[in-house]
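Structure at a glance
Each chain is listed here by its residues.
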Amino acid sequence: MSVRRLAPDDVQPSSFSFDPANKDRVEQWIAKYPEGRQASAVIAALWIGQEQEGWVSKPMIEHVAGLLHMPFIRVLEVATFYTMFNLAPVGEFLVQVCTTTPCMLRGSDEVVAACKKHIHPRPHTVSSDGKLSWMEVECLGACVNAPMLQIGKDFYEDLDGPKTEALIEALRRGEVPQPGPQNGRHTSEPLGGATTLLDRRAIIRVSGAGHDGGQATEENAKVMVEGSPTHGAAGPTSPGTTR
Amino acid sequence: MASRKLIIDGNEIEAEDTITLLQACEQAGAEIPRFCYHERLSVAGNCRMCLVEWVGAPKLQASCALQVRDIFPNKDGTPAKINTNSAPVKKAREGAMEFLLINHPLDCPICDQGGECDLQDQAMAYGRASFHRFNENKRAVENKYMGPLIKTIMTRCIQCTRCVRFATEVAGVSELGATGRGEEMEITTYLQQAFTSELSGNVVDLCPVGALTSRPYAFNARPWELRKTESIDVMDGMGANIRVDTRGRQVMRVLPRNNDEINEEWISDKTRHARDGLSCQRLDKPYVRRNGKLVAASWVEAFAAISSKMKTCAPQRMAAIVGDLAGAEEIKALKDLMTGLGVVNLDCRQDGAKLKSTPRQGYLFNTTIAGVEAADLVLYIGTNLRWEAPVLNARMRKLWLNTNVRFANIGKAYDLTYPVAQLGESADVLQALVDGRHEFADALKEARRPMLIVGAGAYCRPDGAALLKLAARLAMDTGMIGPAGIHEGGWNGFNVLHTAASRVAGLDLGFVPGDAGRDLDGILSGAQSGEIELVYLLGADELDTTKLGNAFVIYQGTHGDAGAHRADVILPGAAYTEKSGLYANFEGRLQMANRAGFPPGDAKEDWAILRALSDVLGQPLPYDDIDGVRRALSAQCALYGSLGMPELPGADPGIWNAIGDTGQVDGGLSLASPIRDFYLTNPIARASETMAECSRLFVTGDLKLAAE
């Protein structure tokens, strides 16, 4: 982590305002707090602003401060405190590489090297085509699929150097890579498929025991075992769609 | 009030429930080191120096953040045992100190805080001797710009956040903040703009290390070289308690002294930083105007010039005006001299105030400064408290933060850093309130301890006397004073706010027109028409000197300001740091300013100049030393026999009826404070380069203080 300052003036936009949909979202957040406590919505407001623009700019800080009747410095404090707020412009796709211990032990250095090679040698710097930027982040809670990175709201897991390169190149081409494990395994199951809990009937009996009658059908069992929604299994979504 | 028994270092004490453990430990005589804790600010609890041991608790406790009411007794009913100097406490303090020193630079020899640094002192007392284990690089922090008064060396900052809390809570200007976190936490203003508060200098005193130091004082002196003199401030009417630090003849800096009844421990930037005006533009020898030009002269020549003029001048054609910074002694001496000569055209109200010299309650801040904390409704009438008495305004803000007090304003609206209901700008609103026609009248009647403050924006207007009468009527009708003052025994909510340090003494001593005498307006119009031939200005610079016509003007004062430029004879006097003088603040509290140095050149103490002049005029004043003057003072006005706050007589309805005069009120005219520039209100401040820079920046420049 380095000292967090606002971006230099020459990259700051001249103004900021929430688009109508985001304005509604911010107002919903403000309405959640009692009268006189509107400043509580500052993190939400900045976050929504960042979702809209990709980063937190000076006009955004001042706009949010005006909206919540806060002194500018109080909003600046929040924006500089939380590293989740990007204080400088980011690429169309912001690649957040986890480098905390489990990911590092599983080879996040290679992922970082791929980012350095294919995006920009320095983190927090937009690539020359404006498409990508990358940064190191602390643990994102997907250690079981380490090493991993996050783009927008999607996790790409079980990476290595070449897979990361492929991912970056696919993003460059405008493709939407499938989020989740990149080595073919299903969620955090073993690479070759599940090795335990294979007897579905046993599972049904246990999980159905608490229900009235405890009579579960084969179809129900299928849903309960295979259909549990996990990220990566929910079908392809576009990375960065929220932006 | 509930209290609780504690055993602190083996001594059993009874501590009030409402105080913190740190305060209880101090009451028990223990010394608790601290950096972030400050009595007048909210508790932060982030420096961890005040850790103490609560026997039985699993960890050491931050005593600043632990209230006595939260300390429960032991299971067997014996009082909780607190150790402030046991081995774990010592170890913890050494640890906290070690952490603080990891990133603190070892630049004490070039640091302006050196010699009066909390970190230095506490490192000596609580640090580890000859022991260190950190060989890593220290962090470096960029310096931040905070305006012309505060110099920052942010690498020295230990993130106690006292300055941030002061700015937010006391100054009421949320401009300082802590950005980033952890090791990267930095104190800054938003995008490094100047800190726009008239109390900004206080953060320098609050800073426990050398991160925020005084910019004008940078690299000027070491604390041990300075002679410290306890004195009284004259920059406004409040009479803040100050300490004047001098080296040789020069005043190096002005610091606040603690006085809970007046300034707590804050002073305004003008009080603190106008001190460089004390060595600029000074009158250091007498001058006499010859052939239209002022030429240096001896005292004898100057007195001869005055004497020859006075001998040809009838008493009714002479006048004397007292300025804003005069002490009671010279007011008394001038009054005695003029009365001896038969002069009745006297005025101590160079701002044109329509205040009468009786009754005394009619021109005082009767609630008292500390007393305002009991008020539940405050009505401002024609005042900008933030500029007329900034430290009192900070107390009002404290009141707003801690109680349910309501503020309302009649007159021009100013940003006082807390919400004030704006009732209207003109005197019509006051009339409506008195008549009960205004919707706010009910709130005034319902308030238990309402008070009003009449400012110079009201009483200095041509219809000031009528406005005072209205204000007194309102005070009587709403139970602030007088027979209706029955809400709370002894409550007195009628207040007049003076902007000049000398005003109350001038009125106390009756330096007002005698029988058939002329007041300020009369003197000026007389001078223009030629009926007044001689005007004696005792440090009076705030009047319009172009209106002095062809009168022979004697200016006795300290600075080459408006009065001296117009003068025919200049008598160099002593500034407030160069003489022992009595000053009554706007509460009527008598305080003594002490001599911190000697006046420059041939300049003399003012009462002595008048005594010498009286000799030349053949009317010798009956005192030869300062004690003699003070004896004469207390003989005329018994209140001047002892320092401090005199007991105010009870509210006699007759007193309140005598305030002001009935007259026509100009209802449409706005009630605006006459102070146009907070930083340039008197000759000393106008001679100060620092004040000029502040004025450029905050009053006429881009960063206008929100108050204007």
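Scroll up for the structure.
The structure contained in this document is the topic of the report that follows. (Residues numbered from 1 in each chain as written. Chains lettered and ligands numbered in written order. Predicted model: local features only at pLDDT ≥ 70, side-chain atom pairs only at ≥ 80, totals over all residues. Heavy atoms only, no water.)

**A look at the overall build of chain B**
Using the following cut-off: Every helix listed is a DSSP run of H or I at least four residues long, and every strand listed is a run of E at least two residues long, numbered separately from the N terminus. Based on C-alpha atoms, the radius of gyration is set beside the globule rule, defined as 2.2 Å times the residue count to the power 0.38. Partly exposed residues are those whose accessible area sits between 20% and 50% of the maximum for their type, while under 20% is buried and over 50% is exposed, using a 1.4 Å probe and protein chains only. Contact definition: two residues touch when any of their heavy atoms are within 4.5 Å. Under the convention used here, a 1.4 Å probe and the Shrake-Rupley method define accessible areas, while residue burial counts only the protein chains that appear. Residues scored as charged are limited to Lys and Arg (positive) and Asp and Glu (negative), so that His and the chain ends carry no count. Where a charge lies is defined by one atom per residue type, namely NZ (Lys), CZ (Arg), CG (Asp) and CD (Glu).
Per the secondary structure count, chain B includes 22 helices and 26 strands. Compactness check: chain B gives a C-alpha radius of gyration of 28 Å against a globular reference of 27 Å for 708 residues, within 12% of the reference. The dimensions of chain B, computed from C-alpha atoms along their principal axes, are 90 × 60 × 50 Å. With 708 residues in all, chain B has 62% of them scored as buried. Excluding contacts between residues fewer than 6 apart, the proportion of contacts in chain B whose partners are at least 24 apart in sequence is 70%. When the accessible area of chain B is evaluated, it comes to approximately 26600 Å², of which 50% is carbon and sulfur surface. If the 76 positive side-chain charges of chain B are averaged to one point and the 88 negative ones to another, these points end up 3 Å apart.

**A closer look at the layout of surface pockets**
Residues and elements named next belong to chain A. For the record, the criterion: Two kinds of site are reported from a 1 Å grid over the protein atoms alone, namely cavities, where a 1.4 Å probe fits but cannot get out, and pockets, open sets with protein on both sides within 12 Å along at least five of seven lines, and residues are called lining when an atom falls within 4 Å of a point. Grid points are joined across faces, edges and corners, and a volume is the space filled by probe spheres set on the points.
Roughly 1200 Å³ of internal volume is contained in the largest pocket. In terms of lining residues, the largest pocket is bounded by 43 residues, among which Thr83, Asn86, Gln96, His124 and Met135 are the most central. Contributions of two or more residues to the lining of the largest pocket are made by α2 (42-53), β1 (93-98), β2 (132-137) and β3 (149-151). For the lining of the largest pocket, the leading source of residues is β2, giving four residues.

**Section: the sheet that holds strand β4 (residues 61-62) of chain B**
Residues and elements named next belong to chain B. For clarity, the cut-off: In short, DSSP must find at least two bridges between two strands for them to pair. Each axis is a line fitted through C-alpha atoms, and for a helix only the stretch in contact is used; angles between axes span 0 to 180 degrees, taken between their N-to-C directions.
On the basis of which strands lie adjacent, the open sheet formed by five strands has the order β2-β1-β5-β3-β4 and mixed pairing. A single partner strand is all that each edge strand has here, and the edge strands are β2 (11-16) and β4. Sheet contacts for helix α2 (residues 87-102): β3 (51-54) and β5 (80-83); angle to β3, the most-contacted strand, approximately 155°.

**Some words on the side chain of Ser86(B)**
Cut-off, in case you're wondering: Polar contacts, as used here, are pairs of N or O atoms within 3.5 Å; protein pairs need one atom able to donate a hydrogen and one able to accept it. Residues neighboring in sequence count only if both atoms are side-chain atoms.
Mapped onto the fold, Ser86(B) is located in the loop between β5 and α2. Separated by 2.5 Å, the side chains of Ser86(B) and Glu53(B) make a polar contact.

**What about a negative patch on the surface?**
How we decide: The patch calculation keeps residues exceeding 30% relative accessible area without a salt bridge and links them within 9 Å when they carry like charges or within 5 Å when they are nonpolar (Val, Leu, Ile, Met, Phe, Trp, Tyr). Salt bridges, as used here, are contacts in which a Lys or Arg side-chain nitrogen is within 4 Å of a carboxyl oxygen on Asp or Glu.
A contiguous patch of negative charge, built from Asp109(A), Glu110(A), Glu136(A) and Glu138(A), is present on the exposed surface. As for its placement among the helices and strands, Glu138(A) is situated in the loop between β2 and β3.

**A few points about the interface of chain B and chain A**
What counts is decided by this rule: Throughout, buried area stands for the accessible area (probe radius 1.4 Å) lost by two parts on being put together, summed over both. Under the scheme applied, nonpolar residues are Ala, Val, Leu, Ile, Met, Phe, Trp, Tyr, Cys and Pro; charged residues are Asp, Glu, Lys and Arg; polar residues are all the others, including Gly.
At the interface, 18 residues of chain B touch 17 residues of chain A. Summing both partners gives a buried area of about 1500 Å² for chain B against chain A, and 58% of it is carried by carbon and sulfur. Looking only at chain B, the three residues that lose the most surface to chain A are Arg181(B), Glu184(B) and Tyr190(B), adding up to 46% of its buried area. The tally of links between chain B and chain A comes to two salt bridges. With its nearest N and O atoms 3.0 Å apart, the salt bridge here joins Glu142(B) to Arg5(A). The set of elements that each furnish at least two residues to the side of chain B that touches chain A consists of α4 (162-171), β7 (176-179) and β8 (186-189) of chain B. Per-element tally for the side of chain B that touches chain A: the top contributor is β7(B), with four residues. Grouping the constituent residues of the side of chain B that touches chain A by class yields five nonpolar, seven polar and six charged.

**Concerning the pairing of β2(A)**
For a regular strand, the rule is simple: side chains alternate between the two faces of the sheet. Residue and element names in this part refer to chain A. For β2, the buried fraction is high: five of the six residues fall into the buried class. Two elements, β1 and β2, share six bridges in a ladder whose sense is parallel. Residue pairing for β2: Val97 is matched across the bridge by Glu136.

**Some words on the packing of aromatic side chains**
Applied cut-off: Stacked, edge-to-face and tilted are the three classes for Phe, Tyr and Trp ring pairs, Trp counted by its six-membered ring, which pair at centre distances within 6.5 Å; planes under 30 degrees apart are stacked, over 60 edge-to-face, the rest tilted. Geometrically, a lysine NZ or arginine CZ counts as sitting over a ring once it is within 6 Å of the ring centre and also within 35 degrees of the ring normal.
Inspection of every chain in the model, using the stated rule, returns 15 aromatic pairs over all chains. Considering the side-chain rings of Phe407(B) and Tyr418(B), the 4.5 Å spacing of their centres and the 45° angle between planes classify their relative orientation as tilted. A residue pair is termed long-range when its members are at least 10 positions apart, and Phe407(B) in strand β18 (residues 406-410) and Tyr418(B) in the loop between β18 and β19 (421-424) qualify at eleven residues. The pair Phe407(B) / Tyr418(B) is uniform in exposure class, with both members buried. The ring of Phe81(A) has Arg181(B) sitting right over it, with the charged end atom 4.9 Å from the ring centre.

**Observations concerning the environment of Glu16(B)**
Within the secondary structure, Glu16(B) is located in strand β2. For the pair formed by Glu16(B) and Ala638(B), sequence separation is 622 residues and the distance between their alpha carbons is 40 Å.

**A closer look at the packing of α4(B) against helix α10 (residues 390-402) of chain B**
All names here are of chain B. In plain terms, the rule: Note that the term roughly parallel is reserved for angles under 35 degrees, roughly antiparallel for angles over 145, roughly perpendicular for angles of 65 to 115, and oblique for everything else.
One way to put it is that α4 packs onto α10 with a least axis distance of 8 Å and a crossing angle of 85°. For the element pair α4 / α10, the angle class is roughly perpendicular. Mapping the contact onto sequence places Thr168, Glu169, Val170 and Ala171 in α4 and Ala394, Arg397 and Leu401 in α10. Here the residues of the contact of α4 with α10 sort into four nonpolar, one polar and two charged.

**Topic: empty space enclosed by the protein**
All names here are of chain B. Scanning the entire structure with this criterion turns up five cavities of 30 Å³ or more. Taken together, 20 residues form the lining of the largest cavity, with Leu325, Ala326, Gly539, Thr558 and Lys579 sitting closest to its centre. Within the residue set of the lining of the largest cavity, elements represented by two or more residues are β23 (552-557) and α21 (683-686). In terms of residues, the lining of the largest cavity owes the most to one element, β23, which gives three residues. Of the residues assigned to the lining of the largest cavity, the class counts are ten nonpolar, five polar and five charged. Taken together, 14 residues line the second largest cavity, and the ones lying closest to its centre are Cys157, Cys160, Cys163, Cys207 and Ala211. Its residues assigned to classes, the lining of the second largest cavity shows eleven nonpolar, two polar and one charged.

**A few points about the nonpolar core**
All names here are of chain B. Heads up, the rule is: Throughout this description, the term nonpolar core refers to a set of buried Ala, Val, Leu, Ile, Met, Phe, Trp, Tyr and Cys residues connected via side-chain atoms within 4.5 Å.
By size, the foremost hydrophobic cluster in this structure holds 95 residues, and its most contacted members are Met310, Leu379, Leu452, Phe494, Tyr536 and Leu571. With near-sequence residues (within four places) excluded, Leu452 lies in contact with Leu379, Ile381, Ala471, Leu474, Ala475, Met480, Gly493, Phe494 and Asn495. Judged by nonpolar contacts, the second largest core, of 94 residues, contains Cys163, Leu176, Met396 and Phe586.

**Observations regarding the sheet that holds strand β10 (residues 227-232) of chain B**
All names here are of chain B. The antiparallel open sheet is built from three strands, whose spatial order is β10-β11-β12. Of all strands in the sheet, those bounded by a partner on one side alone are β10 and β12 (250-256). Direction aside, the axes of adjacent strands within the sheet are offset by 30° on average.

**With respect to helix α4 (residues 72-81) of chain A**
Buried residues dominate α4(A), accounting for eight of its ten residues. Among all positions of α4(A), only Ile73(A), Arg74(A), Val75(A), Leu76(A), Glu77(A), Val78(A), Ala79(A) and Thr80(A) are buried. Those residues of α4(A) that are buried lie in contact with α2 and α3 (58-68) of chain A together with α4, β7 and β8 of chain B.

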